[in-house]
Each structure stands twice: as C-alpha cells, then as structure tokens.
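An overview of the molecular structure
Each chain is listed here by its residues.
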Amino acid sequence: MSGHRLTAVSGLALALTLGAGAVAVPAQASGYRYWSFWDRQGTTWTYATQGPATAHPSDGDVQGFRFAVSADSKDAATPRSAPTFAQVCASTPAKPGRKRVALALDFGTPQDAPGGETPPAPRTACAQVPEDATTADALAAVAKPLRYNSAALLCAIAGYPHTGCGEQVSKKPDTHPTSAPKASDSSSDSGPSLGLLAGIAAVLALAAAAIWQSRRRRD
C-alpha cells in the first residue's frame, strides 16, 4: 500500500477515535443571572417586550420580576406566584391623576443566588404612581433600594442581590452520577456506544488487512 493510502486509512481511524472521545465529554450549560421582567396577560406570564424604564403600564395592570439563571427569554423562569390586581391592590383606593400597578417580586431560589446570599421571600406590592409613570417608577415606589449598572440594566430590587449584575454562570454537569448507566442504554451520553467502538475496530482491522495484502504482493 502506498504512503498516501496508508495515511488516509490512519486518518480515518484517528477521526473516528476522536469522534468517540467527543461523545464522552458532556457540554456545559451556560446562562446569565439577572432579573427578568414579565407582564401578566389573563392567566399567563409573558416576557416583557421592553424594559421597565420604558414600559408605561396602565391602571389595573399586573407585572412581575423574577431573579434566576437563564440562557435567554425562551427558558427564563417566570414569577412563581400568580396574583390578580384585585388581590394585590384591594386596600389601595383609586385617586385622580394616579394609577395603580400590581407588582409580583420573586427573588428566586437559593440555587440561583450569588455566593453567600440568601434570597428574600417572594412578595407582592401595589404601587400607586402618576399616570405617566414607567414600571421602573412603580418599582422604585415600593421596592427600594434599586441598583442599576452603567448600561441601565436592573441589577437589584429591594437591595437584592448585593453584588453582581447579569453575570454569566456555567453549570457543570454532574460528574458523580448516583447509578451507572445500563450497558443496553444506547441513548446514554456517558461514553461512546458499543456500535461506534465496533465500527472503529472494523476500520482498523480492514486497514491492517490492506497493508498485509500490499506487502504480500510486493514479496
């Protein structure tokens, strides 16, 4: 067998071997730790289409904030409570020239909290603000202190969290599973499948046979 042909066969075997190794390495999931902003529409939380500094809620609206780690708006965690305007603002009478906005504040879980911090319990508040007020104004009326970064990103509500602002967080896969995967489970990501290993062995066997045949012809 010529040197070029031998190199090609060896390259194919190496590629398959590297492919098997790639299957055995689980990817890390990344997300961002931040406050997400939600509108309550009927019985559903909907991710807000604009930020709290530019949103202008109407009297009777329900809005929510949730602190969590998520990759984007598609997998963001919603507020865990589902209050109605009547429940939150029942004891706040209407006033001329002002509006009432019901706010649900969910400070998240200990798993999503920055190191060394404990999330406060979720709560609701009825903000009564001028008719032209934004959601940020309503939030400032009932949940100070607020903290923003230089890009006007909302970093903290009611002082939580004390540090950090939209930082990226990596979740490492569990390297100590509680039980070993079954040998018959072909969908397991714990390593290369038996079929793939058999394929690699077959390719290497064919390469060896081809080399032996080539040497035999030359002799």
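Residues numbered from 1 in each chain as written. Predicted model: local features only at pLDDT ≥ 70, side-chain atom pairs only at ≥ 80, totals over all residues. Heavy atoms only, no water.

Attention now goes to the state of the cysteines. In the structure shown here, the tally under the stated rule is two disulfides. The disulfide that involves Cys89 links it to Cys126, with 2.1 Å between the sulfurs. The chirality of the disulfide connecting Cys89 with Cys126 is right-handed, given an S-S dihedral of about 105°. With a gap of 37 residues between them, Cys89 in helix 2 (residues 85-89) and Cys126 in strand 5 (residues 123-130) connect regions that are remote in the sequence. Like Cys126, Cys89 is buried. (Disulfide = S-S within 2.5 Å. Helix = DSSP H or I, 4+ residues; strand = E, 2+ residues; numbered from the N terminus. Buried < 20%, exposed > 50% of the residue type's maximum accessible area, 1.4 Å probe, protein only.)

Turning next to the packing of aromatic side chains. The tally for this structure, following the rule as stated, stands at six aromatic pairs. On the basis of an interplanar angle of 85° and a centroid distance of 5.4 Å, the ring pair of Trp35 and Phe107 is categorised as edge-to-face. One end of the pair, Trp35, is in strand 1 (residues 29-41); the other, Phe107, is in the loop between strand 4 (98-106) and strand 5, with 72 residues separating them in the sequence. On the numbers, 5.1 Å between centres and 80° between planes, the contact of Trp38 with Tyr47 is edge-to-face. (Phe/Tyr/Trp six-rings, centres within 6.5 Å; stacked < 30°, edge-to-face > 60°.)

Looking at soluble globular proteins, one finds that nonpolar side chains tend to be buried together. With 20 residues, the main nonpolar core has Trp35, Phe65, Leu103, Leu105, Leu139 and Ile157 as its most contacted residues. Those elements that provide at least two residues to this core are strand 1, strand 3 (62-70), strand 4, strand 5 and helix 3 (135-142). When residues no more than four places from it in sequence are discounted, the contact partners of Leu139 are Phe65, Leu103, Leu105, Lys144, Leu146, Leu154 and Ile157. Grouped together as the second largest cluster of nonpolar side chains are eleven residues, Ala76, Val88, Cys89 and Cys126 included. (Core = buried A, V, L, I, M, F, W, Y, C linked by side-chain atoms within 4.5 Å. Contact = heavy atoms within 4.5 Å.)

Remember, this is a structural readout, not a statement about activity or role.
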